[in-house]
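One-letter residues, chain by chain:
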Amino acid sequence: MPSPRSSRERRAGGSGGRLEFLSLSQRGPAAPDSPSRRREPPAAAPLPEEDCMKLNPSFVGIALSSLLAIDLWASKRLGVCAGEGSAWGSARPLMKVIEVSGHGIPWLLGTFYGLCQSDSSAAREVLLNLLFALLLDLVMVTVVKGLVKRPRPTHNKMDMFVTISVDKYSFPSGHATRAALVCRFVLRHLVLAVPLRVLVVLWALIVSISRVMLGRHNMTDVLFGLVLGYALYSVVEHCWLSPLNAPALFALWDH
């Protein structure tokens, strides 16, 4: 009967007389990964730039949004004559009279009539430039309203005096631009006593404030309109029409 030792020797000889050891670093053929291990979660797609801007708004964007919210809130609170049932609804007829006083049509018709009836060359020069200023104001307000297209306040009642297509938009206030423009023009070219000059300034301010009280405009519409009207007068002064630079135009009004 062979001893256990001889059998171990035969096994060692079958392997070339060397004892083979399997180290921990030497692994056998790897088992195929399971489907659950092979499946890796898909990489998150980068957010579009627009979404990044919404998730990370800039300081300027936050500031503008806050100012817009304050503008809408304050304008609605100040619209005390927006309707008959408003806090100051009984003053609405008076506000509408003030509205007509700053409308473009009475000013255009009145200036044109004065131009036709004037016998003084100096007066015709002033009135002709006032007519030019009113037309320039009308064109500029129409262009800006058509570009911005800001809707009227929601509490506005569309019963305005003689409107056109762009009057459904509110930015800027045409009444405010006209009030500022006419105020500067009158104070510069008409010799008035101090009380009358004060009344002209008060008229321009009341017309502008009435736009918010009637609910026609937001506060920013009126403020921008005042700045625009003030600037338009500088344009009129720079392009002042006179018999020297526009003789053909003045010849039309000579009697």
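Residues numbered from 1 in each chain as written. Predicted model: local features only at pLDDT ≥ 70, side-chain atom pairs only at ≥ 80, totals over all residues. Heavy atoms only, no water.

### Re the confidence of the model for the protein
(1) Moving on: The share of residues in the protein with pLDDT of 70 or more is 77%, and the mean pLDDT across the chain is 81.
(2) Moving on: Mean pLDDT across the elements of the protein bottoms out in helix 3 (residues 49-55) (46) and peaks in helix 10 (residues 219-238) (96).
(3) Moving on: Counted against residues more than four places away or in other chains, residues 6-28, with its pLDDT under 50, gives four contacts.
(4) Moving on: Contacts for the low-pLDDT stretch residues 47-53, under 50 throughout, to residues beyond four places or in other chains number two contacts. (pLDDT = per-residue confidence, 0-100. Helix = DSSP H or I, 4+ residues; strand = E, 2+ residues; numbered from the N terminus. Contact = heavy atoms within 4.5 Å.)

### Examining the packing of aromatic side chains
(1) Moving on: A full pass over the atoms with the stated rule returns four aromatic pairs.
(2) Moving on: When the ring of F185 is compared with that of Y233, the centres are 6.2 Å apart and the planes differ by 90 degrees; the resulting orientation is edge-to-face. Of this pair, F185 sits in helix 8 (residues 174-189) while Y233 sits in helix 10; the two residues are 48 residues apart in sequence, bridging distant segments of the chain.
(3) Moving on: We note R184 situated over the ring of Y230; from NZ or CZ to the ring centre the distance is 3.9 Å. (Phe/Tyr/Trp six-rings, centres within 6.5 Å; stacked < 30°, edge-to-face > 60°. Lys NZ or Arg CZ within 6 Å of the ring centre and 35° of its normal.)

### Concerning the nonpolar core
Generally speaking, soluble globular proteins have nonpolar side chains that are buried together.
(1) Moving on: C81, M95, L181, F185, M213, L232 and V236 are the most contacted members of the largest nonpolar core, which totals 25 residues.
(2) Moving on: Contributing elements (two or more residues each) for this core: helix 5 (92-101), helix 7 (121-148), helix 8, helix 9 (194-213) and helix 10.
(3) Moving on: Per element, the largest residue contribution to this core is six residues, and it comes from helix 8.
(4) Moving on: If near-sequence neighbours (up to four positions away) are discounted, L181 is found in contact with A133, L134, D137, G229, L232 and Y233.
(5) Moving on: Formed by seven residues, the second largest nonpolar core is a distinct cluster that contains L131, L241, F250 and W253. (Core = buried A, V, L, I, M, F, W, Y, C linked by side-chain atoms within 4.5 Å. Buried < 20%, exposed > 50% of the residue type's maximum accessible area, 1.4 Å probe, protein only.)

### What about helix 5?
(1) Moving on: Listed in full, the buried residues belonging to helix 5 are R92, M95, I98 and E99. Looking straight down helix 5, one finds its buried side chains confined to an arc of 115 degrees; they lie on one side. In helix 5, those exposed residues whose orientation departs by more than 90 degrees from the buried face are P93, L94 and V97.
(2) Moving on: Tucked into the core, helix 5 has its buried residues touching helix 8 and helix 9. (Arc of directions from axis to C-beta.)

### Focus: the environment of V207
(1) Moving on: Counting through the fold element by element, V207 comes out in helix 9.
(2) Moving on: Judged by relative accessible area, which is 1%, V207 ranks as buried.
(3) Moving on: Taking the C-alpha atoms as reference points, V207 and V222, separated by 15 residues in sequence, lie 9.9 Å from one another.
(4) Moving on: For V207, the residues in contact, after removing those within four places along its chain, are I98, S101, G102, H175 and A179.

### Some remarks on the side chain of E99
(1) Moving on: Along the chain, E99 turns up in helix 5.
(2) Moving on: Using a relative accessible area of 1% as the deciding quantity, one classes E99 as buried.
(3) Moving on: Residues within four places of E99 in sequence aside, it is in contact with M160, F161, H175, R211, L214 and R216.

### Some words on the pattern of salt bridges
Close approach of charged atoms allows side chains with opposite charge to pair.
(1) Moving on: In the structure shown here, the tally under the stated rule is 10 salt bridges.
(2) Moving on: Where E84 meets K157, a salt bridge forms, and the shortest distance between an N and an O atom there is 3.2 Å. Taken as a pair, E84 in the loop between helix 4 (59-78) and helix 5 and K157 in the loop between helix 7 and helix 8 lie far apart in primary sequence, 73 residues in all.
(3) Moving on: Look at the salt bridges and you will find they share partners, linking R92, K96, E99, D159, R211 and R216 into a network. (Salt bridge = Lys/Arg side-chain N within 4 Å of Asp/Glu carboxyl O.)

### Structural notes on the environment of V186
(1) Moving on: For V186, the location among the structural elements is in helix 8.
(2) Moving on: A relative accessible area of 12% places V186 in the buried class.
(3) Moving on: In the structure, V186 is positioned 60 residues away from V126 in sequence and 9.7 Å away in space, judged by C-alpha atoms.
(4) Moving on: If we skip the residues at most four places from it in the chain, V186 touches L192 and V200.

### Structural notes on the packing of helix 6 (residues 104-117) against helix 7
(1) Moving on: Remark: helix 6 packs on helix 7, axes separated minimally by 9 Å, with the N-to-C direction vectors making an angle of 155 degrees. In terms of orientation, helix 6 and helix 7 fall into the roughly antiparallel class. Both helix 6 and helix 7 take part in a crossing whose hand is left-handed. Counted together, W107, L108, T111, G114 and L115 of helix 6 and R124, L127, L128, L130, L131, L134, L135 and L138 of helix 7 form the full contact between these two elements.
(2) Moving on: Looking at side-chain class alone, the contact of helix 6 with helix 7 contains 10 nonpolar, two polar and one charged residues. (Axes fitted to C-alpha atoms, helices over the stretch in contact; angles between N-to-C directions. Parallel < 35°, antiparallel > 145°, perpendicular 65-115°, else oblique. Left-handed = near helix turned anticlockwise from the far one by under 90°. Nonpolar A, V, L, I, M, F, W, Y, C, P; charged D, E, K, R; others polar.)

### A closer look at the environment of T111
(1) Moving on: Looking at where T111 falls in the secondary structure, it is placed in helix 6.
(2) Moving on: Considered as a pair, T111 and R124 are 13 residues apart in the sequence and their alpha carbons are 10.0 Å apart.
(3) Moving on: Sequence-distant contacts of T111, defined by excluding residues within four places in its chain, comprise L127, L130, L131 and L134.

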